[in-house]
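# Report on the structure
So the chains spell out like this:
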Amino acid sequence: MDTKTLKNKIIALKKEKNAVLLAHYYQDPVIQEIADFVGDSLGLSIEASKVEAGIILFAGVRFMAETAKIINPTKKVILPDINAGCSLADSCPEDAFQEFINAHPNHVVITYINCSAAIKAYSDVVCTSSNALEVVASIPLETPIIFAPDKNLGNYINQKTGRNMVLWDGSCVVHEAFSLDKLIAVYKQHPDAVIIAHPESEMTILENASYIGSTAGMIHFVKNNKNTKFIVATEAGILYKMQQEVPDKILIPAPAIENNSCACSECSYMKLNTLQKVYTCLVSESPEIVVPEILQKKALIPIQRMLALSKK
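Notes on the structure follow. All of these numbers come straight from a predicted model, not from anything done at the bench.

## Quick notes on the sheet that holds strand 5 (residues 108-112)
Read across the open sheet, the 4 strands follow the order 6-5-7-8; overall the sheet is parallel. Both outer strands of the open sheet, strand 6 (125-127) and strand 8 (166-167), are each paired with one neighbouring strand and no more. In the sheet, strand 5 pairs with strand 7 (residues 145-148) via 4 bridges, with the strands oriented parallel. For Val 109, the partnering residue across the bridge sits in strand 7 and is Ile 146.

## Quick word on the side chain of Ser 214
Mapped onto the secondary structure, Ser 214 falls in the loop between strand 10 (211-212) and helix 12 (215-224). Take Ser 214: its relative accessible area is 5%, and that puts it in the buried class. Setting aside its immediate chain neighbours within four residues, Ser 214 contacts Asp 40, Ser 129, Ser 130, His 198 and Pro 199.

## Here we look at the sheet that holds strand 10
The parallel open sheet is built from 4 strands, whose spatial order is 10-9-11-12. Where the open sheet ends on each side, the last strands, each with one partner, are strand 10 and strand 12 (250-253). In terms of strand pairing, strand 9 (residues 194-197) meets strand 11 (residues 229-233) through 4 bridges, oriented parallel. Bridging across to strand 11, Ile 196 finds its partner in Val 232. Its contacts with the sheet put helix 12 on strand 9, strand 10, strand 11 and strand 12, and the angle it makes with strand 9 is roughly 160°.

## Structural notes on the packing of helix 1 (residues 3-17) against helix 14 (residues 275-284)
Two numbers describe how helix 1 lies on helix 14: the axes approach to 10 Å, and their chain directions differ by 30°. What the angle tells us is that helix 1 and helix 14 run roughly parallel. With respect to the hand of their crossing, helix 1 and helix 14 are arranged in left-handed fashion. Between helix 1 and helix 14, the contacting residues are Thr 3, Leu 6, Lys 7, Lys 9, Ile 10, Leu 13, Lys 14 and Lys 17 on the first element and Leu 275, Gln 276, Val 278, Tyr 279, Leu 282 and Val 283 on the second. For the contact of helix 1 with helix 14, a count of residues per class yields 8 nonpolar, 2 polar and 4 charged.

## A few points about the environment of Leu 13
Structurally, Leu 13 can be placed in helix 1. Each C-alpha atom, one on Leu 13 and one on Val 108, is 44 Å from the other, the two residues being 95 residues apart in sequence.

## Looking at helix 15 (residues 293-311)
Each α-helix winds once per 3.6 residues, and so residues spaced three or four apart point in a common direction. For helix 15, built from 19 residues, the straight-helix expectation of 27 Å at 1.5 Å per residue is met to within 8% by its first-to-last C-alpha distance of 26 Å. At Leu 300, helix 15 is bent by approximately 30°, the largest bend along its length, and proline Pro 302 sits one to four residues beyond. Within the sequence span of helix 15, burial applies to Gln 296, Ala 299, Leu 300, Pro 302, Ile 303, Met 306, Leu 307 and Leu 309. Taken together, the buried residues of helix 15 touch helix 3 (41-50), helix 4 (62-71), helix 7 (117-121), strand 6 and helix 8 (132-137).

The rules we used
Residues numbered from 1 in each chain as written. Predicted model: local features only at pLDDT ≥ 70, side-chain atom pairs only at ≥ 80, totals over all residues. Heavy atoms only, no water. Pairing = 2+ DSSP bridges. Helix = DSSP H or I, 4+ residues; strand = E, 2+ residues; numbered from the N terminus. Buried < 20%, exposed > 50% of the residue type's maximum accessible area, 1.4 Å probe, protein only. Contact = heavy atoms within 4.5 Å. Axes fitted to C-alpha atoms, helices over the stretch in contact; angles between N-to-C directions. Parallel < 35°, antiparallel > 145°, perpendicular 65-115°, else oblique. Left-handed = near helix turned anticlockwise from the far one by under 90°. Nonpolar A, V, L, I, M, F, W, Y, C, P; charged D, E, K, R; others polar. Expected span 1.5 Å × (residues − 1). Bend = angle between axes of the 7 residues up to and from the residue.

Rendered as structure tokens:
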């Protein structure tokens, strides 16, 4: 089936089945084109909470679909490829994290949304890269904090706030794949470019960035900055939506240490979702994301705290 036919069939099926397609910025452009909403983790969480349709088709990775199910448990949540996981979420297994918490009693537990439902259930509050600084600032200075699972984001927050959060040793392979040497080489070729980076990147990359922020934040920055050329250090999927917002600006993907498919860093998990899988998923209404009720209720509390802070 050709791309145009697939897209038309998906659009028709969404209407027929009363389904909403939510997609992350890192998804393939052909999926973003037919999504009802495209956003970062915070935007997608807020949107998932408002869905009234019976089915949420989540084009992203598993922890994102789980979050949608936790927030809106009466809806059927389906994911195009059940193997679309996350290296960061996988770096924080439940048993080990429970031991980590036990080793640091009386700490407030803040978890980055890129983690499993089980890890969220151990948390006092969840955050995204869009609101991490705001969430941490809501905790009194004298209160010790555990931050998990992303050590790079945690280090960035510690540096920005002067906090000394205890960090779980996890990271995102996509954002750790950027090469500082190659980044500097690209910058030398484009000295008029502004380097922007996601806070999941290593500190050596962040130290060379003029702007650090979430995917949505990066798009907003590029859109409102007077400069016309940017080197973008995050997953390359963001370039599609970003270029739509700034068609007259030049966007250069930050180079990865090693990538055989492009001169950038791509998430292999995100790319498991294809247009064909979106169609097949909607036809069969599977794979379905199931979160046990007890776990769902526990994990919902820290997410609701995050959403409440984001509304202030």
